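Spelled out, the chains give:
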Amino acid sequence: MHATKALIIEDAQSLSSVIVSELENSYEISCDVAASLEEAKSLLDTRSGDYFIASVDLQLPDCKTGEAVDLVNQYKVPAIIFTGQQEPSIRERFKTHDLVDYVFKTGAHSISYICWLIQRVQLNRAITVLVVDDSQAVTASLKKLLGNQGFKVISAEDVAHCRIAMKQSPDIVVLDQYLPDGLGHELCQEIRTQYDSPTLQ
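These numbers were taken from a predicted model, which means no experiment stands behind them. (Residues numbered from 1 in each chain as written. Predicted model: local features only at pLDDT ≥ 70, side-chain atom pairs only at ≥ 80, totals over all residues. Heavy atoms only, no water.)

Asker: Account for the nonpolar core, naming residues and giving values.
Answerer: In terms of nonpolar packing, the biggest core is built from 23 residues, with L7, I9, V56, V69, V72 and F94 touching the most fellow members. Counting residues per element, the ones that place at least two in this core are β1 (5-9), α2 (37-47), β3 (51-56), α3 (67-74), β4 (79-83) and β5 (99-104). If one sorts the elements of this core by residue count, α3 sits on top with four residues. Discounting residues that sit within four places of it in the chain, F94 has contacts with L58, T65, G66, V69, D70, I81, L99 and Y102. Counting residues in each nonpolar core, the second largest holds 21 residues, with A3, I29, F82 and V100 among its members. (Core = buried A, V, L, I, M, F, W, Y, C linked by side-chain atoms within 4.5 Å. Buried < 20%, exposed > 50% of the residue type's maximum accessible area, 1.4 Å probe, protein only. Helix = DSSP H or I, 4+ residues; strand = E, 2+ residues; numbered from the N terminus. Contact = heavy atoms within 4.5 Å.)

Asker: How would you explain the sheet that holds β3 if you had to name every residue and give the values?
Answerer: Strand order in the open sheet made by the five strands is β2-β1-β3-β4-β5, with parallel pairing throughout. Of all the strands in the sheet, just β2 (31-34) and β5 have a single pairing partner and so form its edges. Recorded for the sheet is a direction-independent mean angle of 15° between the axes of neighbouring strands. Two strands pair when backbone bridges link them, and β1 and β3 are joined in this way by five bridges, in the parallel orientation. Of the residues in β3, the one forming a bridge with K5 is Y51. Lying over the sheet, helix α5 (residues 108-124) contacts β1, β3, β4 and β5, oriented at roughly 170° with respect to β5. (Pairing = 2+ DSSP bridges. Axes fitted to C-alpha atoms, helices over the stretch in contact; angles between N-to-C directions.)

Asker: Which residues make up the packing of aromatic side chains, and what values do they have?
Answerer: All told, the structure shown has one aromatic pair when counted by the stated rule. The ring of Y102 has R91 lying over it, and the distance from NZ or CZ to the ring centre is 4.1 Å. The ring of F82 carries the charged tip of K105 above its face, separated from the ring centre by 5.5 Å. (Phe/Tyr/Trp six-rings, centres within 6.5 Å; stacked < 30°, edge-to-face > 60°. Lys NZ or Arg CZ within 6 Å of the ring centre and 35° of its normal.)

Asker: Lay out the pairing of strand β7 (residues 152-156) with the relevant residues and their values.
Answerer: Across five bridges, strand β6 (residues 128-132) lies against β7 in parallel orientation. In the sheet register, V132 faces β7, and the bridge partner there is A156. Tracing the backbone out of β6, into helix α6 (residues 136-148) and back to the parallel element β7 gives a crossover that is right-handed. (Right-handed = clockwise from strand over helix to strand, strands pointing away.)

Asker: I'd like a rundown of the packing of helix α1 (residues 13-26) against α5, residues and numbers included.
Answerer: Two quantities define a packed helix pair, namely the angle between the axes and the distance from one axis to the other. Orientation of α1 relative to α5, taken along the N-to-C sense of each, is 45°, at an axis distance of 10 Å. By the angle between their directions, the pair α1 and α5 is classed as oblique. Along this stretch, α1 crosses α5, giving a crossing that reads as right-handed. Residues L15, V18, I19, E22 and L23 of α1 form the contact with α5, whose own contacting residues are I111, S112, C115 and I118. Class assignment of the residues belonging to the contact of α1 with α5 gives a composition of seven nonpolar, one polar and one charged. (Parallel < 35°, antiparallel > 145°, perpendicular 65-115°, else oblique. Left-handed = near helix turned anticlockwise from the far one by under 90°. Nonpolar A, V, L, I, M, F, W, Y, C, P; charged D, E, K, R; others polar.)

Asker: Got a sec to walk through the pattern of salt bridges? Specific residues and values, please.
Answerer: Summed over the entire model, instances satisfying the criterion amount to nine salt bridges. A salt bridge links R47 to D32, with the nearest nitrogen and oxygen atoms 3.5 Å apart. Linking R47 in helix α2 with D32 in strand β2, this pair joins segments that are 15 residues apart in sequence. Exposure remark for D32: the relative accessible area of 12% places this residue in the buried category. Between E190 and R163 there is a salt bridge, with its nearest N and O atoms 2.8 Å apart. With a gap of 27 residues between them, E190 in helix α8 (residues 184-194) and R163 in helix α7 (residues 159-165) connect regions that are remote in the sequence. By relative accessible area, E190 is classed as partly exposed at 23%. Among the residues examined, R163 registers a relative accessible area of 43% and is labelled partly exposed. (Salt bridge = Lys/Arg side-chain N within 4 Å of Asp/Glu carboxyl O.)

Structural data, given as structure tokens:
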């Protein structure tokens, strides 16, 4: 089943209700709300496949150090951290997690931004990105970063494999300049000549 819903993990009902209202009315995105770690676990245990993203408050009545981020990642759901905490240690704590972004609770504009961001991730799921790089480490890193943003990611390690991968009609192509069997700018020109749709980076 294709995931279509957002999970809002937030114990402040006034805040979660505003987020849900904007997502449902402005972007037609259905939501479930969990006000605690226990409620989030119950939802994920029974319907984790419903969620393409989770907005996660770090401090909940039954957890204070971001265990809810650990939880949603266990269920392979990318997370947006939505918090009033602005300590630098937060990024260090979650640097290996599958995160879309960090959003700080600084006013009405932060709610509008997080709703827009959730919708952006939803739209990204219709976009395929081809990463062309001979470094497995670079490719893995880009796949993780782009995948967290909702993109479908395919890869190729050289020019020859890129030509094969182009048959899948990617929307965006990310090219390394130096490839084992050619130069990125030459491949870029070839793609631009033969295909109308891809955006090259």
